[in-house]
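Summary of the model geometry
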Amino acid sequence: MSVRKPVIAGNWKMHMTCVQTKQYLSQFLPLIQSTSDDRHLVIAPPFTAISTFAESALGSRLELSSQNVHWEDDGAFTAEVSPLMLLEHDVRYAIVGHSEPRKYFSESDEQINRRAISAQAHGLIPIVCVGETDDQRERGEEERVIRRQVEQGLEEIDPKRLVVAYEPIWAIGTGKTCEASEANRICGLIRKWVDAPDLIVQYGGSVKPGNIDEIMNMSDIDGVLVGGASLDPESFARIANYKRK
Ligand code: PGA
């Protein structure tokens, strides 16, 4: 029997003010009141809304994630946030290596690795994102690219306190979901490369209420990382309440 408890995570990206966060939670929390506790429910608000989120979700089962974390505890790192700052707000997870900072801020696998190591050292669970571009997939390079990201990004990382999110870049925010069977194949390969049978591997990329059940019925997919559809409380509640056959 697998002990892999699925992690359903919403990534709000650069959306949601504090006022909107409160409104969202007042609609969303009642919708997950009877959600089975066989799954973790997580949201990653922007840094400015973390404190409001923590207060408004207090006493609920919803867990908090940050959208990034720095490897130092403090220092001259303008625009960065340290693990200690997150722990003050009961943050439990930290997304690292999302394709947007990889693309817009040239995040390297080495930096991502340092962020993940620091997260774990402070008791945070890193959600490390990996995934290939459209061109890389067309050239048949997806396995090589993802394997390199996994090997470099996860060096010295404890797989028992880790989530890996397979997010094919061509499926993020495009409405083009990866076929569930193909996402399942890659998630299985990631688990094999990390050599940890209990590793939690999520799929991300245009996950919606209409495809969540199919995705969550795949044997090697242990949850989802959801962007756009997590911004609407009803859509994300439907995703949180996915049904397995
Ligand atoms: P999407 O984003 O669900 O809007 O495609 C996923 C992500 O970036 O994590």
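Treat the numbers as computed from the prediction; the structure is a model and nothing was measured.

Here's the deal with the pattern of salt bridges
- All chains considered together, the criterion is met by 22 salt bridges.
- When the shortest N-O distance is used, the salt bridge between Glu 100 and Lys 13 registers 2.9 Å. In this pair, Glu 100 sits in helix H4 (residues 99–104) while Lys 13 sits in the loop between strand E1 (7–11) and helix H1 (18–31), placing the two residues 87 residues apart along the sequence.
- Glu 100 sits in the partly exposed class, given a relative accessible area of 25%.
- Between Arg 185 and Glu 142 there is a salt bridge, and its shortest N-O distance comes to 3.8 Å. Here Arg 185 is found in helix H8 (residues 180–194), whereas its partner Glu 142 is found in helix H7 (residues 142–153), with 43 residues between them in sequence.
- Classification of Glu 142 by relative accessible area gives buried; the value is 10%.

Some details on the site of the ligand
- If you check the shell around the ligand, you find 13 residues, and the closest are Lys 13, His 98, Glu 167, Gly 173 and Ser 206.
- One nitrogen or oxygen atom from the side chain of His 98 is found 2.7 Å from an oxygen atom belonging to the ligand.
- Here Gly 173 contributes a backbone N or O atom positioned 2.6 Å from an oxygen atom of the ligand.
- When the ligand is considered free in solution it has 280 Å² of accessible area, and contact with the protein chains removes 95% of it.
- The residue makeup of the shell around the ligand, split by class, is four nonpolar, seven polar and two charged.

About the thresholds
- Residues numbered from 1 in each chain as written.
- Predicted model: local features only at pLDDT ≥ 70, side-chain atom pairs only at ≥ 80, totals over all residues.
- Heavy atoms only, no water.
- Salt bridge = Lys/Arg side-chain N within 4 Å of Asp/Glu carboxyl O.
- Helix = DSSP H or I, 4+ residues; strand = E, 2+ residues; numbered from the N terminus.
- Buried < 20%, exposed > 50% of the residue type's maximum accessible area, 1.4 Å probe, protein only.
- Near = heavy atom within 4 Å.
- Polar contact = N/O pair within 3.5 Å; in protein donor to acceptor, adjacent residues only side chain to side chain.
- Areas by Shrake-Rupley, 256 points an atom, 1.4 Å probe, with all protein chains shown as cover.
- Nonpolar A, V, L, I, M, F, W, Y, C, P; charged D, E, K, R; others polar.

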